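# Architecture at a glance
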Amino acid sequence: MLSIILPTYNEQDNIERAYKAIRDVLIPEEIDFELVYVNDGSKDRSCEKIYELTKIVTDAKIRGVSFSRNFGKEAAILAGLANATGDVCAVMDCDLQHPEGTLVEMYRLWEQGFEVIEGVKRSRGKENLLYRGFAKLFYKLISRAAGVDMARASDFKMLDRKVVDEYIKLPERNIFFRALSSWMGYKSITVEFDVRDRASGASKWSMDSLVKYAVGSISAFSTAPMQLITLSGVFFFFFSLVMGIQSLVKWFSGDALEGFTTVILLILIIGSLIMVSLGIIGYYLARIYEEIKARPRYIVDEIISSDD
Ligand code: UDP
Ligand code: MG
């Protein structure tokens, strides 16, 4: 059976639409499936809509996992995978931006023995210029950190049971599905798809949440910012050697009072460098603190299933 995980946050109009679209492509192909909606603390009627769906649908299993509040998409994906029962699990957006037709293609590849089938975007859909610029920078950084090309990666993936079991065992709080599935290895393949426009509603990403997401996932995957501090330290050490020798030579030759501007500049540069460095270290410390607190990554309020 194929489990399809749908992270859902304020998607009341898309819940039934997603079911219908998926059903229309999977039933003719005779693929047995279950839908796992993870209601990520929606403020609209999403929860009721999922409940209604579990009552009326007869040709597939429907399960709804409801969080006690909004925990974010990563948590929703994780909870969906943890509550899925299929031999193979797919994660896709509830707003139908991921084409359901690709599920069939992915499923056939899984049948051929692939364990991680990653959807990559052929085109990035409609995005404004600023967003595109930042996205590009972010993906450059994260691609270097993760060692895989992330520019076209998406959360649209199909994973074998084996991979899902390993994924939900990962202990970290700050998790990044998009990159981790390729970090895990296994026999993988990519499938291209075109991002569609949202079926209805609006994207949940604000500039603020995007920046948080970007910084969070880069720090989760890489300690490069901290190594940058070491690098700038080494650079300034050599710089200080040169400056030191120059100052000594000046002192011995008797004209040492000049260069006040240099002193001010050096204090400013080094001062700000130290503060930025402390900030970066502090950020990683905060991350470690979050991890050792070991709070649950999400709290499930209720699970509803069409079985009972
Ligand atoms: N989503 C979620 N929790 C959140 C934000 C989003 O579960 O806090 C879900 C949302 O319902 C959708 C998917 O994640 O199914 C992608 O969200 P969205 O469409 O807002 O992002 P975009 O497609 O613009 O990247
Ligand atoms: Mg979307």
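Above this text sits the structure in question.
Please read these numbers as outputs of a predicted model, since none were measured by experiment. (Residues numbered from 1 in each chain as written. Chains lettered and ligands numbered in written order. Predicted model: local features only at pLDDT ≥ 70, side-chain atom pairs only at ≥ 80, totals over all residues. Heavy atoms only, no water.)

### Quick look at the sheet that holds strand β3 (residues 61-67)
Spatial ordering of the open sheet is given by β7-β5-β6-β4-β1-β2-β3-β8, a layout of eight strands whose pairing is mixed. Edge strands, defined here as strands with exactly one partner in the open sheet, are β7 (188-194) and β8 (300-305). Along the sheet, successive strands turn relative to each other by an average axial angle of 20 degrees, direction set aside. Note: strand β1 (residues 2-8) against strand β4 (residues 88-91), four bridges, orientation parallel. Directly across from S3, in β4, lies its bridge partner C89. (Pairing = 2+ DSSP bridges. Helix = DSSP H or I, 4+ residues; strand = E, 2+ residues; numbered from the N terminus. Axes fitted to C-alpha atoms, helices over the stretch in contact; angles between N-to-C directions.)

### Brief notes about the coordination of the magnesium ion (ligand 2)
Taken together, D95 (OD) and Q97 (OE1) make up the protein donors of the magnesium ion (ligand 2), found 1.8 to 1.9 Å from the metal. The exposure class of D95 is buried, given its relative accessible area of 4%. Among the residues examined, Q97 registers a relative accessible area of 22% and is labelled partly exposed. (Donors = N, O, S within 2.8 Å, 3.2 Å for Na, K, Ca; no water. Buried < 20%, exposed > 50% of the residue type's maximum accessible area, 1.4 Å probe, protein only.)

### Quick word on unusual backbone geometry
Even without being a glycine, E30 presents a positive backbone phi close to 55 degrees. Structurally, E30 can be placed in the loop between α1 (15-26) and β2 (33-39). Notably, L96 is not glycine yet its phi reads approximately 65 degrees, a positive angle. Classification of L96 by relative accessible area gives buried; the value is 8%.

### Considering the pattern of salt bridges
Per the counting criterion, the structure on display carries 19 salt bridges. Here D24 and R23 are joined by a salt bridge, their closest N and O atoms 3.3 Å apart. Relative accessible area serves as the criterion here: at 49%, D24 is assigned to the partly exposed category. Residue classification places R23 among the partly exposed residues on the basis of a relative accessible area of 23%. For R287, the salt bridge identified is with E290, shortest N-O distance 3.2 Å. Of this pair, R287 and E290 are both found in helix α10 (residues 260-293), three residues apart, which corresponds to roughly one turn of the helix. E290 gets classed as partly exposed once you look at its relative accessible area, which sits at 34%. (Salt bridge = Lys/Arg side-chain N within 4 Å of Asp/Glu carboxyl O.)

### Quick notes on the site of ligand 1
Contacts to ligand 1 come from 16 residues, most closely from E11, D40, D95, Q97 and S203. For the shell around ligand 1, the per-class residue count stands at four nonpolar, five polar and seven charged. (Near = heavy atom within 4 Å. Nonpolar A, V, L, I, M, F, W, Y, C, P; charged D, E, K, R; others polar.)

### Considering the environment of V88
Along the chain, the position of V88 falls in strand β4. Among the residues examined, V88 registers a relative accessible area of 0% and is labelled buried. When the C-alpha positions of V88 and V164 are compared, they lie 8.2 Å apart, and in sequence the two are 76 residues distant. Setting aside anything within four residues of it in sequence, one finds V88 in contact with M1, L2, S3, Y107, W110, M158, L159, D160 and R161. (Contact = heavy atoms within 4.5 Å.)

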